[in-house]
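Spelled out, the chains give:
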Amino acid sequence: DPKRKAGVQLPLVFSHDAASGRDDLLISERLAAAVSIVDAWPAWPSPVVVLAGPVGSGKSHLAGIWRELSGAVDIHPELGSEAAIAAAAGPVLFEDADRLGFDDNALFHVINSVRENGTSLLMTSRLWPISWPVLLPDLRSRLKAATVVEIGEPDEALLSQVIVKLFADRQLYIDDKLVLYIVNRMERSLNAAQMIVERLDRLALSRGTKITRSLAAEVLNELGNSDSAD
């Protein structure tokens with residue numbers, strides 16, 4: 001099924017013509033469970049799934065894959081919204097639940113609508129649902145029944161692979177020591193990796209130079225990712 005294959009290719013596919021063949025997959029252990037649950041749809045263990053992980057961990061990429069796979073509609077369960085109606089008609093996606101906030105009753109009705117109509121709800125959040133400021137006991141009960149899949153921060157090995165891949169997608173190949181230099185000083189997120197590679201590529205092109213350690217240090221300082229002057 002080509003859709004299922006695409007489902008595991010996209011977590012690390014960015015805007016710059018990224019290679020996306022089977023050999024280019026960078027699915028680490030921290031992403032494996034989340035990719036599996038997205039790829040398993042609609043055979044989910046429960047109709048409500050929450051992807052929980054820090055900023056830049058890949059939640060939005062995975063949510064986008066699921067939206068494409070399922071045809072889900074984006075919702076924001078707040079007072080006066082038609083989120084529950086959308087949830088009755090088909091799969092729905094609520095991103096950044098902890099950051100955007102929601103109305104307890106509206107989200108409760110969305111979950112009930114999903115359960116009653118045999119549809120699906122995917123939510124993304126930096127925090128587990130147990131940490132959400134929920135006052136409605138019935139909603140707390142519904143959220144306890146949800147399947148929560150945690151995505152951890154990218155480790156050094158994955159970030160190194162991501163940076164090498166992002167440079168390779170631009171036909172650029174840099175020294176392993178320089179990759180390690182960047183990884184040891186950058187914010188641990190996939191978004192940061194993309195920003196650093198894009199900025200380094202643009203800066204090197206504009207100056208007509210190679211990508212060097214000093215150029216990397218300049219970019220890391222500029223983006224606020226450097227822990228120490230080295």
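Residues numbered from 1 in each chain as written. Predicted model: local features only at pLDDT ≥ 70, side-chain atom pairs only at ≥ 80, totals over all residues. Heavy atoms only, no water.

J.: Account for the side chain of Arg170, naming residues and giving values.
T.: Relative to the assigned elements, Arg170 resides in the loop between helix H8 (156-169) and helix H9 (176-183). Residue classification places Arg170 among the buried positions, given a relative accessible area of 15%. Reaching out from Arg170, the side chain makes a polar contact with the side chain of Asp201 at a distance of 2.6 Å. (Helix = DSSP H or I, 4+ residues; strand = E, 2+ residues; numbered from the N terminus. Buried < 20%, exposed > 50% of the residue type's maximum accessible area, 1.4 Å probe, protein only. Polar contact = N/O pair within 3.5 Å; in protein donor to acceptor, adjacent residues only side chain to side chain.)

J.: I'd like a rundown of the pairing of strand S5 (residues 147-150), residues and numbers included.
T.: Where burial is concerned, the two faces of S5 differ: the one with Thr147 and Val149 is buried and the one with Val148 and Glu150 is not. Judged from the four bridges that link them, strand S1 (residues 48-52) and S5 form a sheet pairing that is parallel. Along S5, the bridge assignment pairs Ala52 with Glu150. (Pairing = 2+ DSSP bridges.)

J.: Outline the environment of Pro54, listing residues and values.
T.: With respect to the secondary-structure elements, Pro54 resides in the loop between S1 and helix H3 (59-70). Pro54 sits 71 residues away from Ser125 along the chain, and the two C-alpha atoms are 8.1 Å apart. The residues touching Pro54, leaving out its near neighbours within four places in the chain, are Lys59, Ile151, Gly152 and Glu153. (Contact = heavy atoms within 4.5 Å.)

J.: Can you tell me about the packing of aromatic side chains, naming the residues and giving the values?
T.: A full pass over the atoms with the stated rule returns four aromatic pairs. Plain terms: the ring middles of Trp44 and Trp66 are 5.3 Å apart, the flat faces sit at 20 degrees to each other, and that makes the pair stacked. Of the two residues, Trp44 sits in the loop between helix H2 (29-40) and S1 while Trp66 sits in helix H3, which places them 22 residues apart along the sequence. Across the pair, exposure class does not vary: Trp44 and Trp66 are buried alike. Pairwise contacts between aromatic rings join Trp41, Trp44 and Trp66 into one cluster. (Phe/Tyr/Trp six-rings, centres within 6.5 Å; stacked < 30°, edge-to-face > 60°.)

J.: Report on the pattern of salt bridges, specifying residues and quantitative values.
T.: Tallied over the full model, the rule gives nine salt bridges. With a shortest N-O distance of 3.3 Å, Asp169 and Lys165 are connected by a salt bridge. Note that Asp169 and Lys165 are positioned in helix H8 at a spacing of four residues, about one turn of the helix. Lys165 matches Asp169 in its accessibility class, with the two residues each being buried. One salt-bridge network, held together by shared partners, links Arg67, Asp74 and Glu95. (Salt bridge = Lys/Arg side-chain N within 4 Å of Asp/Glu carboxyl O.)

That is the geometry; function is a separate question.
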